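# Structure at a glance
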Amino acid sequence: MVPFLDLTRQYKRIKGEILSATQRVYEKGSFILGEEVSAFENEFSHYCGVRYGVGVGSGTDALYLALKAAGIGEGDEVVTVANSFVATALAISFTGAKPLFVDIDPKTYTMDPDHLERFLKRRRAKGSSRKIKAVLPVHLYGHPAEMGSIVEIANRYDLIVIEDACQAHGARYGNKGVGSLGTMGCFSFYPTKNLGGYGDGGMVVTNDKNCDRKLRLLRCYGEKKKHQHILKGHNSRLDEIQAALLRVKLRYLDQWNEERRRKAKVYTERLASLGVGCPSEKKGVRHVYHLYTIRTEKRDRLQAFLKKRGIETLIHYPIPIPFQKAYQELRYGRRDLPLTNRWSQKILSLPFFAEIKRHEMEEVVEGIRFFSKDERIG
Ligand SMILES: Cc1ncc(COP(=O)(O)O)c(C=O)c1O
């Protein structure tokens, strides 16, 4: 049996530190917006290379509250990608705005700046670009989107950029951390992430003082001072227990990401000759391999074959967001996003995490080798 992910192995590495960090919280008796959250906000925003961090209830809330802090709401439109977790688009919808989708780069699976530019140009030529207020690229699987071009295009069209960095803690674009490249960067601390808590959690990071101030109001009932509510805010806060243990884990994040990078290299070296498309890293970026996702024409057959050998795989994501029932009103067709559509039928995420063992990776490689041989003969 090769598990897709086994979180217990990471816990065993840092058990003592986790238990003493969480015990500190129980003994203090302060569970919401206390010292641990403040300290983690400082440490994580500093890690990302920005001034402010606002801990919230989840990655979805980080995106939603960031969009709200940017003033996005009813009647607005936000451009994003269809090859992402549905939460990227849901966060846009929650504000009352409409998500619009552009196609992806075939190598990195992230927003293609040329498609973005062509899309915006077309909308401007038709006189229908006024409602578009923001661009929301996703650093999918841990690979940064092409932020230099995306930010440049967004600036020309006077659009705000909000990064969905929920899968990319510690990834870098040039010498900058993801989350620091747009006006706001949004992270999830869902347990399976490269930096994951033991429950839900998220954070928005920013250099913009005004956004920071608004986010602090939005996450906590719009409360400026005790009993003074200056806007209709939410209840969406990172809690003290999560913050305390995430502070421990943050100290290991670079080490764990390096382990992921080394192991990704091993997979790629072993798989490249077997006729599957392996992930690549664009020059000048640091990929943190939240997922190791291959491409193959025979995806469904390969997945079934590996399953029979006890190897767990997943698909991220089999149905592009606008083709989900929840978004049928947008009336996107497969031809609107040809690459996203094609890739969604070929991608397969292999078992992958910092603690995966060499022999487990070998079993995966051997499984794929047998499958390729079988397919050639059959
Ligand atoms: C790309 C992306 N965006 C948003 C989210 C939402 O984060 P959360 O599950 O913490 O709400 C996730 C994670 O699940 C994600 O992978």
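Structural notes, computed from the coordinates. (Residues numbered from 1 in each chain as written. Predicted model: local features only at pLDDT ≥ 70, side-chain atom pairs only at ≥ 80, totals over all residues. Heavy atoms only, no water.)

Moving on, we come to the nonpolar core. Within soluble globular proteins, side chains that are nonpolar generally end up buried alongside one another. Counting 88 residues, the largest nonpolar core has F40, F44, Y267, L271, Y292 and I368 as its most contacted members. A total of seven residues in this core trace back to one element, the largest contributor, which is helix α8 (residues 240–250). Residues contacting F40, with those up to four places away along its chain left out, are S45, F189, L195, M203, L238, A243, L246, R247 and L250. One finds L65, A69, A134 and L215 within the second-largest nonpolar core, a separate group that totals 23 residues. (Core = buried A, V, L, I, M, F, W, Y, C linked by side-chain atoms within 4.5 Å. Buried < 20%, exposed > 50% of the residue type's maximum accessible area, 1.4 Å probe, protein only. Helix = DSSP H or I, 4+ residues; strand = E, 2+ residues; numbered from the N terminus. Contact = heavy atoms within 4.5 Å.)

As summarised here, the arrangement of the three strands in space is β7-β6-β12, forming an open sheet in which the pairing is antiparallel. Strands at the two margins of the open sheet, each flanked by one partner only, are β7 (176–177) and β12 (285–286). Pairing analysis gives two bridges linking strand β6 (residues 172–173) to β12, with the strands arranged antiparallel. Note that in β12 the partner of R172 across the bridge is R286. (Pairing = 2+ DSSP bridges.)

The next point concerns the packing of aromatic side chains. Inspection of every chain in the model, using the stated rule, returns 16 aromatic pairs. For the pair Y267 and Y292, a centre-to-centre distance of 4.8 Å together with 40° between the ring planes defines the contact as tilted. One end of the pair, Y267, is in helix α9 (residues 253–271); the other, Y292, is in strand β13 (residues 292–295), and 25 residues separate them in sequence. Of the two residues examined, Y267 and Y292, each falls in the buried class. These aromatic residues form a ring-pair network of at least three members: F40, F44, Y47, F187 and F189. Lying over the aromatic face of F323, R334 brings its terminal NZ or CZ to 4.3 Å of the ring centre. (Phe/Tyr/Trp six-rings, centres within 6.5 Å; stacked < 30°, edge-to-face > 60°. Lys NZ or Arg CZ within 6 Å of the ring centre and 35° of its normal.)

Before going further, it helps to spend a moment on the site of the ligand. Contacts to the ligand come from 15 residues, most closely from G59, T60, D164, S188 and K193. Taking D164, its side chain carries an N or O atom lying 2.8 Å from a nitrogen atom of the ligand. One of the side-chain nitrogen or oxygen atoms of Q167 is found 2.9 Å away from an oxygen atom of the ligand. Burial of the ligand by the protein amounts to 93% of the accessible area it has alone, namely 380 Å². Going through the elements one at a time, α3 (59–69) and α4 (87–94) are the ones with two or more residues in the shell around the ligand. If you tally residues by element for the shell around the ligand, the top one is α3, at three residues. (Near = heavy atom within 4 Å. Polar contact = N/O pair within 3.5 Å; in protein donor to acceptor, adjacent residues only side chain to side chain. Areas by Shrake-Rupley, 256 points an atom, 1.4 Å probe, with all protein chains shown as cover.)

This part takes up the sheet that holds strand β4 (residues 132–135). With mixed pairing, the seven strands of this open sheet are ordered in space as β1-β9-β8-β5-β4-β2-β3. Among the strands making up the open sheet, the edge pair consists of β1 (52–56) and β3 (98–102). Averaged over all neighbouring strand pairs, the angle between strand axes comes to 25°, with direction disregarded. The pairing of strand β5 (residues 160–164) with strand β8 (residues 184–188) spans three bridges and is parallel. (Axes fitted to C-alpha atoms, helices over the stretch in contact; angles between N-to-C directions.)

Secondary-structure assignment places K209 in helix α7 (residues 209–218). Distance in space between the C-alpha atoms of K209 and G233 is 18 Å, their sequence separation being 24 residues.

The next point concerns the pattern of salt bridges. As enumerated under the stated definition, the model contains 28 salt bridges in all. The residue R219 makes a salt bridge to E41 at a minimum N-O spacing of 2.7 Å. One end of the pair, R219, is in the loop between α7 and β10 (223–225); the other, E41, is in helix α2 (residues 35–48), with 178 residues separating them in the sequence. With a relative accessible area of 6%, R219 lands in the buried category. A relative accessible area of 5% means that E41 is categorised as buried. Its salt-bridge partner being R261, residue E258 comes within 3.7 Å of it at the nearest N-O pair. Here E258 and its partner R261 are both found in helix α9, three residues apart, which amounts to about one turn of the helix. The exposure class assigned to E258 is partly exposed, which follows from its relative accessible area of 33%. Overall, the relative accessible area of 22% leaves R261 in the partly exposed class. (Salt bridge = Lys/Arg side-chain N within 4 Å of Asp/Glu carboxyl O.)

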